[in-house]
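Residue-level structure breakdown
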Amino acid sequence: MADTLFLISGGIAILALFTAAVRFFLGPDVVDRVIAFDVLTIISISLIATIAHTEGRVIYLDVGIVYGLLSFLGVIIVAKYLERGL
Amino acid sequence: MELLPIIGGIVTLFGSFFLLLGSIGIVRMPDSYNRIQAGTKATTLGTLLFLLGVGIYHPSWFPKLVVLILFILFTNPVSSHVLARAAHSIGIKLTKSTVVDKLKDTSGEEIDA
């Protein structure tokens, strides 16, 4: 019962992934694409947690920590470039 | 019937609903600043609940999940704030429904260094 709940949550997260990808392709400005990219990586952290649960290995969560770090640094670097140039 | 796995599953389900609401908000909002708001707040809460649910199901995984939750809780708002300031300084327009722009009234002295 609880395992099917986890699979349903993973399915809803994949649906959210595709919905955010629509804004990534549409967005008329660069800021829209950056925020869509940030949302995509944060949703991927939840999907990595789902995979870690179904496989049963806790070490996959380290990949999630790296994803969080990369998304944070990516948004900040693009914002700094927009404001002042390299 | 075990109680902890079912509670964890329900909390994770709520978290995934918030993620879906955040993504729908990003598609439907009329303005770049509104999209930044929707994308950051909803997805941060959704990820927090999702990981909390996984932690309730596996109590031995809790320390690593708490590190991940605290990291996301502290860095997501910072990155959205920096992005919003950069968007204002390159001149992205606000939507017509917005009536107050406090940064424009004091800009020139703020956005520097």
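The shown structure was predicted, so the numbers you read here are calculated from the model rather than taken from an experiment.

Parameters and conventions
- Residues numbered from 1 in each chain as written.
- Chains lettered and ligands numbered in written order.
- Predicted model: local features only at pLDDT ≥ 70, side-chain atom pairs only at ≥ 80, totals over all residues.
- Heavy atoms only, no water.
- Core = buried A, V, L, I, M, F, W, Y, C linked by side-chain atoms within 4.5 Å.
- Buried < 20%, exposed > 50% of the residue type's maximum accessible area, 1.4 Å probe, protein only.
- Helix = DSSP H or I, 4+ residues; strand = E, 2+ residues; numbered from the N terminus.
- Contact = heavy atoms within 4.5 Å.
- Buried area = accessible area lost by both parts, 1.4 Å probe.
- Salt bridge = Lys/Arg side-chain N within 4 Å of Asp/Glu carboxyl O.
- Polar contact = N/O pair within 3.5 Å; in protein donor to acceptor, adjacent residues only side chain to side chain.
- Nonpolar A, V, L, I, M, F, W, Y, C, P; charged D, E, K, R; others polar.
- Axes fitted to C-alpha atoms, helices over the stretch in contact; angles between N-to-C directions.
- Parallel < 35°, antiparallel > 145°, perpendicular 65-115°, else oblique.
- Left-handed = near helix turned anticlockwise from the far one by under 90°.
- Patch = residues over 30% accessible without salt bridge, like charges linked within 9 Å, V, L, I, M, F, W, Y side chains within 5 Å.
- Areas by Shrake-Rupley, 256 points an atom, 1.4 Å probe, with all protein chains shown as cover.

1. Description of the nonpolar core
In terms of nonpolar packing, the biggest core is built from 40 residues, with Val31 of chain A together with Leu51, Val54 and Leu83 of chain B touching the most fellow members. For this core, the secondary structure elements donating two or more residues are helix 1 (2-26), helix 2 (30-55) and helix 3 (61-84) of chain A together with helix 1 (4-28), helix 2 (32-57) and helix 3 (62-89) of chain B. Considering every element that reaches this core, the biggest residue donor is helix 2 of chain A, with 11 residues.

2. Focus: the interface of chain A and chain B
Where interface size is quoted, it is often the accessible area lost as the parts come together. With 46 residues of chain A at the interface, the matching set in chain B holds 49 residues. Both faces combined, the contact of chain A with chain B buries some 4100 Å², and carbon together with sulfur accounts for 78% of it. At the boundary of chain A with chain B, the tally comes to 2 salt bridges. Between Asp32 of chain A and Arg35 of chain B there is a salt bridge, and its shortest N-O distance comes to 2.9 Å. Seen at the junction of chain A and chain B, the total is 8 residue pairs in polar contact (both at pLDDT 80 or more). Tallied by class, residues from the side of chain A that touches chain B come to 29 nonpolar, 8 polar and 9 charged.

3. Quick look at the packing of helix 3 of chain A against helix 3 of chain B
Put simply, helix 3 of chain A and helix 3 of chain B touch, their axes get as near as 9 Å, and they point 15 degrees apart. When the interaxial angle is binned, helix 3 of chain A and helix 3 of chain B end up roughly parallel. Crossing of helix 3 of chain A over helix 3 of chain B shows left-handed handedness. Where helix 3 of chain A abuts helix 3 of chain B, its residues Leu61, Asp62, Gly64, Ile65, Gly68, Leu69, Phe72, Val75, Ile76, Ala79 and Glu83 of chain A lie against Lys64, Leu65, Val67, Leu68, Phe71, Thr75, Val78, Ser79, Val82, Leu83, Ala86 and Ser89 of chain B. Here the contact of helix 3 of chain A with helix 3 of chain B is built from residues that sort into 15 nonpolar, 5 polar and 3 charged.

4. Description of a nonpolar patch on the surface
Residues and elements named next belong to chain B. Nonpolar side chains collect at one region of the surface, where Leu52, Phe62, Val66, Leu70, Leu73 and Phe74 lie side by side and expose about 490 Å² of accessible area between them. No other element matches the 5 residues that helix 3 contributes to the nonpolar patch. Mapped onto the secondary structure, Val66 falls in helix 3. A relative accessible area of 32% means that Val66 is categorised as partly exposed.

5. Quick notes on the environment of Lys93 of chain B
All names here are of chain B. Looking at the element boundaries, Lys93 is found in the loop between helix 3 and helix 4 (102-106). Separated by 44 residues in the primary sequence, Lys93 and Leu49 have C-alpha atoms spaced 34 Å apart. When near neighbours in sequence (up to four residues on either side) are disregarded, Lys93 contacts Asp31 and Tyr33.

6. Describing the side chain of Ser9 of chain A
Residue and element names in this part refer to chain A. Relative to the assigned elements, Ser9 resides in helix 1. Judged by its relative accessible area of 0%, Ser9 is buried. A polar contact is formed between the side chain of Ser9 and the backbone oxygen of Leu5, at a distance of 2.9 Å.

Taken by themselves, the reported measurements are silent on function.
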